[in-house]
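Inside the fold
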Amino acid sequence: FAKESGRNGVQFFRQEIGQRVQNRLTMETELRQALQEDQLELHYQPIWQLTEKCIVGLEALVRWRHPQKGLLPPDRFIPIAEESNLIQALGQWVLNAACRDMRSWRNQGFESLPVSVNISARQLFHDDFTSSLARLLKEYALPPEQLELEVTETIFLQKDTTVEKVMNHLKNIGVGLVLDDFGTGYSSLSYLNRFHIDKLKIDRSFMAHICQKEQDAILTATIIRMAQSLGMQVVAEGVETAGQELFLMEQGCDLAQGYFYYKPQPIESLRDIFVQNKLCSRALEDPEQPMP
Ligand code: C2E
Ligand code: MG
Ligand code: MG
Ligand code: MG
């Protein structure tokens with residue numbers, strides 16, 4: 001390789017690396033600025049209760065409205081935030097925005113729409129995380145159970161005692177805990193019993209082929225049964241077709257979200273969605289009420 005490409009090859013390789021490092025640094029600087037100038041926004045994707053066909057809650061998904069590059073998905077900047085120290089500030093911004101939005105919906109009469117927020121491992125284990133979370137809930141006068149934190153299996157790579165301490169704090173505060181992207185990561189199942197987890201979210205890679213590949217159907221069905229036997233609710237993510245929904249219902253899956261229902265929506269669209277659909281809390285409070 002070296003002989004063929006020679007000096008120019010190496011030179012090119014160096015330039016390439018240099019360019020990438022440069023891009024990364026630029027993005028980091030721009031992201032820091034984005035936080036100060038409020039260029040981030042939350043979009044929300046409804047989560048459905050499958051038997052009642054009502055909206056049980058929303059997942060908050062962050063986007064960056066970049067002045068030149070347009071609306072960027074989290075995959076383009078969350079990794080950069082995680083590698084720098086920006087994930088703390090970004091995570092705080094997200095939590096604050098989610099609480100603010102929840103407060104505003106409650107004020108408009110949408111009382112019981114829990115919001116789940118994705119939390120990076122580095123953010124979760126930061127010293128101030130639990131205390132600032134408690135402060136935030138107080139500030140916006142929100143019942144803690146209306147907020148759910150979505151974490152991935154990577155948090156279990158930390159020392160057990162560290163995980164246990166944080167999990168106990170969160171349980172005392174009263175927020176819900178969701179294990180996101182379940183089935184893709186580090187997999188020892190013992191932590192499902194050791195730590196208090198309310199919901200399992202089956203990774204969307206399983207959903208893609210449940211109607212064609214028997215193995216994926218078997219795994220999905222098994223995860224649903226296992227979670228429910230352990231007293232956890234199950235959320236299927238990435239539901240895109242009626243066939244997938246039917247399969248999930250046959251397997252007794254509790255909750256689902258995906259493009260089949262709604263893509264993540266900007267805040268302006270949500271009010272209409274709340275009005276046009278059945279909200280689970282309302283359905284439970286007054287089942288006779290005809291839907292608008
Ligand atoms: P996630 O938490 O697993 O979120 C689900 C992702 O699947 C979202 O992508 C959502 O838009 C997408 N999705 C939902 N339904 C469907 C579907 O039916 N089909 C397909 N193909 N995709 C679907 P998004 O918004 O690009 O977010 C990607 C990831 O970025 C999230 O995965 C989460 O891990 C991370 N993320 C998003 N917001 C935040 C945040 O505020 N903080 C942190 N730390 N991470 C975040
Ligand atoms: Mg998530
Ligand atoms: Mg997920
Ligand atoms: Mg994910």
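For the structure, see preceding data.
Residues numbered from 1 in each chain as written. Chains lettered and ligands numbered in written order. Predicted model: local features only at pLDDT ≥ 70, side-chain atom pairs only at ≥ 80, totals over all residues. Heavy atoms only, no water.

**Structural notes on the environment of leucine 40**
Looking at the secondary structure, you find leucine 40 in strand E1 (residues 40–49). According to the relative accessible area criterion, leucine 40 is buried, its value standing at 6%. Separated by 11 residues in the primary sequence, leucine 40 and threonine 29 have C-alpha atoms spaced 14 Å apart. Beyond its immediate sequence surroundings of up to four residues, leucine 40 is in contact with Leu31, Ala34, Leu35, Val62, Arg63, Trp64, Phe77, Leu90 and Trp93. (Helix = DSSP H or I, 4+ residues; strand = E, 2+ residues; numbered from the N terminus. Buried < 20%, exposed > 50% of the residue type's maximum accessible area, 1.4 Å probe, protein only. Contact = heavy atoms within 4.5 Å.)

**Some points on the packing of helix H3 (residues 86–107) against helix H5 (residues 129–139)**
Their axes nearest at 11 Å, the elements H3 and H5 cross at an angle of 20 degrees. By the angle between their axes, H3 is roughly parallel relative to H5. At the point where H3 passes H5, the crossing takes the right-handed sense. Together, Gln92, Leu95, Asn96 and Cys99 of H3 and Phe129, Ser132, Leu133 and Leu136 of H5 make up the contact between the two elements. Among the residues making up the contact of H3 with H5, the classes are represented as five nonpolar, three polar and no charged. (Axes fitted to C-alpha atoms, helices over the stretch in contact; angles between N-to-C directions. Parallel < 35°, antiparallel > 145°, perpendicular 65-115°, else oblique. Left-handed = near helix turned anticlockwise from the far one by under 90°. Nonpolar A, V, L, I, M, F, W, Y, C, P; charged D, E, K, R; others polar.)

**Brief notes about the coordination of the magnesium ion (ligand 3)**
Four donors placed tetrahedrally around a metal ideally meet at 109.5 degrees, and six donors placed octahedrally ideally meet at 90 or 180 degrees. Of the protein atoms, only Asp180 (OD), Asp181 (OD), Glu237 (OE) and Glu237 (OE) coordinate the magnesium ion (ligand 3), at distances of 2.1 to 2.4 Å. Mapped onto the polypeptide sequence, the residues donating to the magnesium ion (ligand 3) form the spacing pattern D-D-x55-E. Between the two metals, the magnesium ion (ligand 3) and the magnesium ion (ligand 2), the spacing is 4.0 Å, and aspartate 180 donates to both. With a gap of 56 residues between them, aspartate 181 in strand E6 (residues 176–182) and glutamate 237 in strand E8 (residues 233–237) connect regions that are remote in the sequence. Residue classification places aspartate 181 among the partly exposed residues on the basis of a relative accessible area of 25%. According to the relative accessible area criterion, glutamate 237 is buried, its value standing at 10%. (Donors = N, O, S within 2.8 Å, 3.2 Å for Na, K, Ca; no water.)

**Details of a nonpolar patch on the surface**
Nonpolar side chains collect at one region of the surface, where Phe13, Ile17, Val21 and Leu25 lie side by side and expose about 380 Å² of accessible area between them. Following the sequence through the fold, phenylalanine 13 ends up in helix H1 (residues 2–36). For phenylalanine 13, a relative accessible area of 54% corresponds to the exposed category. (Patch = residues over 30% accessible without salt bridge, like charges linked within 9 Å, V, L, I, M, F, W, Y side chains within 5 Å. Areas by Shrake-Rupley, 256 points an atom, 1.4 Å probe, with all protein chains shown as cover. Salt bridge = Lys/Arg side-chain N within 4 Å of Asp/Glu carboxyl O.)

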